[in-house]
Amino acid sequence: MFDEIKPTCLSTSQDFDTFVRDNYASVMFGLIRDERATEEEADSATLQAMIIAGQQWPLESPKAFVRKVARRTLVNAVRKIGADRRRQDKLVAQYDRSPAPAAEQKVVFDAEVHYVLDLLAQLPQRQRQVMTLKVDGLSDEEIAEVTEQKLATVRSNLRHARVKLQQMIRTREE
């Protein structure tokens, strides 16, 4: 799939292939988890980010770059979809009086993953974002780049998130 965007040097091409294999799923899951994207939206944004990364390969901080591009791609797509839906809803409201379709059912995760996601959902958005990026293996510096925050802010958000998560776990265990 990425053959047309691979760098010309064989070793950097192999590095890019390895990077895509090792990181595609985690970038996608990060968008689903952090940005509440659907699987389709996350896949599309991740694919676009990987294509751009391949065109600019090698990168100094590829994980941070891909996550940042994927997030921006997703946000732009969601904005466009939202605008399209508002236009469509306006037209439907004018001409169609049928009831709205039922909401889509969410994918059910196993109990442990659901428990962790519930805990993370209770964190403020910035703390949740930096914590999930840290769990995904990004360094504090890469997280700062992805989230466009100062390094000190990232570290502060991580510290506050850890404290809150510890408190929530203790509370649930009692």
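Predicted, not measured: the structure shown is a model, and the values here were computed from it.

Nonpolar side chains collect at one region of the surface, where Y115, V116 and I169 lie side by side and expose about 220 Å² of accessible area between them. Following the sequence through the fold, Y115 ends up in helix α4 (residues 111–121). Residue classification places Y115 among the partly exposed residues on the basis of a relative accessible area of 30%.

Here we come to the packing of aromatic side chains. For the structure on display, the rule yields two aromatic pairs. Seen from their ring centres, F16 and W57 are 5.2 Å apart, and the 65 degrees between their planes marks the pair as edge-to-face. You can see F16 sitting in helix α1 (residues 10–35) and its partner W57 sitting in the loop between α2 (39–56) and α3 (62–95), a full 41 residues away along the chain. We classify F16 as buried; its relative accessible area is 0%. Summarising the aromatic geometry, the rings of F19 and W57 are spaced 5.4 Å apart at their centres and angled 40 degrees between planes, so their arrangement reads as tilted. Separated by 38 residues along the polypeptide, F19 in helix α1 and W57 in the loop between α2 and α3 bring together distant segments of the chain. Taken together through their ring pairs, the aromatic side chains of F16, F19 and W57 make up a single cluster.

The set of residues buried in helix α5 (residues 125–135) consists of Q127, R128, Q129, V130, M131, T132 and L133. Among the residues trailing α5, G137 stands out with phi positive, at a value near 100 degrees.

How each quantity is defined
- Residues numbered from 1 in each chain as written.
- Predicted model: local features only at pLDDT ≥ 70, side-chain atom pairs only at ≥ 80, totals over all residues.
- Heavy atoms only, no water.
- Patch = residues over 30% accessible without salt bridge, like charges linked within 9 Å, V, L, I, M, F, W, Y side chains within 5 Å.
- Areas by Shrake-Rupley, 256 points an atom, 1.4 Å probe, with all protein chains shown as cover.
- Salt bridge = Lys/Arg side-chain N within 4 Å of Asp/Glu carboxyl O.
- Helix = DSSP H or I, 4+ residues; strand = E, 2+ residues; numbered from the N terminus.
- Buried < 20%, exposed > 50% of the residue type's maximum accessible area, 1.4 Å probe, protein only.
- Phe/Tyr/Trp six-rings, centres within 6.5 Å; stacked < 30°, edge-to-face > 60°.

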